[in-house]
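# Architecture and fold: a report
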Amino acid sequence: MFNLELDRVISEIKKRKPKQVLLQLPDGLKQKAGFVVDVIEKETEAHAFILFGSCYGACDLPLGLDILKIDLLIQWGHNRFFKEKW
């Protein structure tokens, strides 16, 4: 039903080589979180963690990622987020 683009996620993780990855999903996709963790940990050397708090979009970034030693945050949303070069 949903395309989580896991091939793209795996490729990015392999490229960046993070040790710890935090996954942030909207409420409607949280039931897929365990599956996503399993795929990431099977296909990469990263440890994946799930943020089960609410997510209200790309501007809703969790605080304390440095304290938790999170190297990469992967956030899923309903629309594409285009980063423009300034």
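Refer to the structure presented above.
Residues numbered from 1 in each chain as written. Predicted model: local features only at pLDDT ≥ 70, side-chain atom pairs only at ≥ 80, totals over all residues. Heavy atoms only, no water.

### What to know about the sheet that holds strand S2 (residues 47–51)
The condition is simple: Pairing between two strands is assigned when DSSP locates at least 2 bridges connecting them. Numbering of helices and strands runs from the N terminus, with a helix taken as a DSSP run of H or I at least four residues long and a strand as a DSSP run of E at least two residues long. Axis definition: a line fitted to C-alpha atoms, limited for helices to the stretch in contact. Angles are taken between N-to-C directions and run from 0 to 180 degrees. Residues are treated as being in contact if the distance between any of their heavy atoms lies within 4.5 Å.
The strand order S2-S1-S3 describes an open sheet built from three strands, whose pairing is parallel. Across the chains shown, the open sheet's two edge strands, defined by having one partner strand only, are S2 and strand S3 (72–75). Averaged over all adjacent pairs, the angle separating strand axes in this sheet is 25°, with direction ignored. Where strand S1 (residues 20–24) meets S2, five bridges bridge the pair, whose relative direction is parallel. Bridging across to S2, Leu 22 finds its partner in Phe 49. Lying over the sheet, helix H2 (residues 33–43) contacts S1 and S2, oriented at roughly 160° with respect to S2.

### Regarding the nonpolar core
Under the convention used in this document: By convention a nonpolar core is built from buried Ala, Val, Leu, Ile, Met, Phe, Trp, Tyr and Cys residues, the set being connected through side-chain atoms within 4.5 Å. Exposure is judged per residue with a 1.4 Å probe applied to protein chains only, and the accessible area is read against the type maximum: over 50% gives exposed, under 20% gives buried, and values in between give partly exposed.
Of all hydrophobic cores here, the largest spans 18 residues; its most connected members are Ile 13, Val 21, Leu 23, Val 36, Ile 40, Ile 74 and Trp 76. At the level of elements, helix H1 (6–16), S1, H2 and S3 are the ones that each hand at least two residues to this core. What Val 21 contacts, discounting residues up to four positions off in sequence, is Ile 13, Ala 46, His 47, Ala 48, Phe 49, Leu 72 and Ile 74.

### Quick notes on the pattern of salt bridges
Stated precisely, the cut-off is as follows: Salt bridges, as used here, are contacts in which a Lys or Arg side-chain nitrogen is within 4 Å of a carboxyl oxygen on Asp or Glu.
With the rule as written, the count across this model stands at four salt bridges. Taking the shortest distance from any N to any O, the salt bridge between Glu 5 and Arg 8 comes out at 2.9 Å. Residue class for Arg 8 comes out exposed when judged on its relative accessible area of 57%.

### Side note on the side chain of Gln 24
Going by this rule: Polar contact is defined as a pair of N or O atoms within 3.5 Å, subject to the rule that within protein one atom must be able to donate a hydrogen and the other to accept it, and that residues adjacent in sequence are counted only when both atoms are side-chain atoms.
Mapped onto the fold, Gln 24 is located in strand S1. Overall, Gln 24 belongs to the buried group, its relative accessible area being 1%. There is a polar contact of 2.8 Å between the side chain of Gln 24 and the side chain of Gln 75.

### Section: the environment of Val 9
Along the chain, Val 9 turns up in helix H1. Val 9 gets classed as buried once you look at its relative accessible area, which sits at 10%. A C-alpha to C-alpha distance of 8.0 Å links Val 9 and Ile 74, two positions 65 residues apart in sequence. The contact partners of Val 9, leaving out residues within four places of it in the chain, are Leu 4, Ile 40, Ile 74 and Trp 76.

### Description of the packing of H1 against H2
Cut-off, in case you're wondering: Relative orientations are named as follows: roughly parallel for angles under 35 degrees, roughly antiparallel for angles over 145 degrees, roughly perpendicular for angles from 65 to 115 degrees, and oblique for any other angle. By convention, the crossing between two helices is left-handed when the near helix turns anticlockwise from the far helix through less than a right angle, and right-handed when the turn is clockwise.
Relative orientation of the contacting elements H1 and H2 amounts to 45°, with a least axis distance of 10 Å. What the angle tells us is that H1 and H2 run oblique. The interaxial crossing formed by H1 with H2 has right-handed handedness. Touching Leu 6, Val 9, Ile 10, Ile 13 and Lys 14 of H1 are Phe 35, Val 36, Val 39, Ile 40 and Glu 43, all from H2.

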